[in-house]
Amino acid sequence: MGKGHAMTSDDSTSVEAGFGSASFWEPRHLAPSAWREHAPFGYWLISATRPRTIVELGTHNGFSFFVFAEAVKRLGLGTRLFAIDSWQGDDQAGFYGEDVYQSVVRIASKDYADSTELIRSYFSDAVSRFEDGSIDLLHIDGRHGYEDVREDFETYRPKLSSRAVVVFHDTHEFQPTFGVHKFWGELSLTAPSFEFHHGHGLGVLAFGAEVPREVREFLAAGAADPVRMRRAYEVRGAEVSALFAQGEHLTELEKENANLRHELLWRDAALGQSRAELDQVRASTSWRLTAPLRFVGRKLRRSN
C-alpha cells in the first residue's frame, strides 16, 4: 500500500500475482478505443501501484485515461492524473476535430475534476511542468514511430520516480510506420518487464528500483507462465470489448440511452461487491484460467 493513502474497503481483497477483483471492474465510460481490451489490466495496475502521479502521453478520446481515473476514484487515492495531448491527431492515427477534445473535457470536469488535469500541448513542451523523480506511472501512447517513442521515453525518463512503472501501447503492432515493437524489444531487456500481445500489445516495464511488491509478483508470475498470463487478460479483455460491440451500430440517441443505462448499472455495482458477485467472479472463465497464477503468487509470498 502506497504511503499517504488511506485504507479503503478494496484493501481487504488481496492481489494475486497480477489478477484481482479490480480486474473485473467494467469501464464507466464507453468510447471507441484500441485500448479497450486492456481496461482490466489498467484497473489492476492502479490497485497494485497506487501511484501518486500518473502522466499519459497521448490521450485521444480519453478511454485509457478514464480507466486510470476511475480506478483512482474507486480506490479513494489521492493520485493526480495528467493527460498530455495536442488533441489534433496525426498522420498515423488520423486527424480529428475539436469535438473529441471537448468530449474529454466534459467527462473530466463532470466525474474527475478533483484528480485530473488536461494539458493541451506537445509532450516535449509539457515536460518542464513535472519535477524530476515525481512520476510513478507513465503511459506512452503518442506517435508510434521508433524515433518518436524513443524520444518520448527519454524526454520523460528523468521525471520517473524510484517506484515508477512505464506502460507502452502498440508493442505488438507491426505496420510499416510503427516502431514501438522495436523500441520495446530493446528497452524490455534493461529492466523487469512483461508484454501482452492482445489489443495491439501492451508493454509493462518496472523502471524503478522500488516498484511495489504486487508488480514484482506479477512480473515473476508472467515470466513463469507468460502464455497463461496473456490468455487470462485476453479473455477478460474480450469480455470488456463485447460491451462496445453491442453498441457499435446504434444511433446516437440509442448510444446515449445505452450509456445512461450503463451508468446506472455501474452506480449499482459500485455500491459494493456482494458475496454472490464474488462467487460469480470465481466461477468465471478468467478466474479459472488464473488459478495457477494465484497459486504461484501465494508461493512467491511465502518464499519472501
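Conventions we followed
- Residues numbered from 1 in each chain as written.
- Predicted model: local features only at pLDDT ≥ 70, side-chain atom pairs only at ≥ 80, totals over all residues.
- Heavy atoms only, no water.
- Phe/Tyr/Trp six-rings, centres within 6.5 Å; stacked < 30°, edge-to-face > 60°.
- Helix = DSSP H or I, 4+ residues; strand = E, 2+ residues; numbered from the N terminus.
- Buried < 20%, exposed > 50% of the residue type's maximum accessible area, 1.4 Å probe, protein only.
- Lys NZ or Arg CZ within 6 Å of the ring centre and 35° of its normal.
- Polar contact = N/O pair within 3.5 Å; in protein donor to acceptor, adjacent residues only side chain to side chain.
- Contact = heavy atoms within 4.5 Å.
- Salt bridge = Lys/Arg side-chain N within 4 Å of Asp/Glu carboxyl O.
- Axes fitted to C-alpha atoms, helices over the stretch in contact; angles between N-to-C directions.
- Parallel < 35°, antiparallel > 145°, perpendicular 65-115°, else oblique.
- Left-handed = near helix turned anticlockwise from the far one by under 90°.
- Nonpolar A, V, L, I, M, F, W, Y, C, P; charged D, E, K, R; others polar.
- Pairing = 2+ DSSP bridges.

Under the criterion given, the structure shown has 24 aromatic pairs. Ring geometry for Phe82 and Phe130: centres 5.1 Å apart, planes at 85°, overall edge-to-face. Here the residue Phe82 occupies a position in strand β2 (residues 80–85), and Phe130 occupies one in the loop between α4 (123–126) and β6 (135–140), the gap between them amounting to 48 residues. Pair check on accessibility: Phe82 and Phe130 agree, each one buried. Joined through ring pairs, the aromatic side chains of Phe19, Phe24, Phe41, Trp44, Phe194, Phe196, Phe218 and Tyr233 make up one cluster. One residue, Arg120, lies across the ring of Tyr101, its end atom 4.2 Å from the ring centre.

The next thing to look at is the side chain of Thr116. With respect to the helices, strands and loops of the structure, Thr116 is situated in strand β5 (residues 116–120). A distance of 2.8 Å separates a polar atom in the side chain of Thr116 from the backbone oxygen of Tyr112. Here Thr116 is in contact with Phe65, Ala69, Arg80, Leu81 and Ala108, once residues within four sequence places are set aside.

In this structure the tally under the stated criterion is 16 salt bridges. Among the ionic pairs, Glu98 bridges to Arg120, the shortest N-O distance being 2.9 Å. Residue Glu98 is located in helix α3 (residues 98–111), and its partner Arg120 is located in strand β5; the two are separated by 22 residues in the primary sequence. When salt bridges with common partners are traced through the structure, they connect Arg28, Glu70, Lys110 and Asp111 into a single cluster.

This part covers the packing of helix α5 (residues 146–156) against helix α6 (residues 180–187). Packed helix pairs are characterised by how far apart their axes lie and by the angle those axes make with each other. Running from N to C, α5 and α6 point in directions that differ by 45°, and their axes come no closer than 7 Å. Considering the angle they form, α5 stands oblique to α6. Note that α5 runs across α6; the crossing there is right-handed. Contacts between α5 and α6 involve Tyr146, Val149, Arg150 and Phe153 from the former and Val180, Lys182, Phe183, Glu186 and Leu187 from the latter. Looking at side-chain class alone, the contact of α5 with α6 contains six nonpolar, no polar and three charged residues.

Before going further, it helps to spend a moment on the sheet that holds strand β1 (residues 53–57). Across the sheet, which stays open at both edges, the seven strands sit in the order β5-β2-β1-β6-β7-β9-β8 with mixed pairing between neighbours. At either margin of the open sheet sits one strand with a lone partner, and together these are β5 and β8 (193–196). Here the strands of the sheet are splayed against their neighbours by 15° on average, with no regard to which way each runs. As paired strands, β1 and β6 are joined by four bridges and run parallel to one another. Note that in β6 the partner of Glu56 across the bridge is His139.

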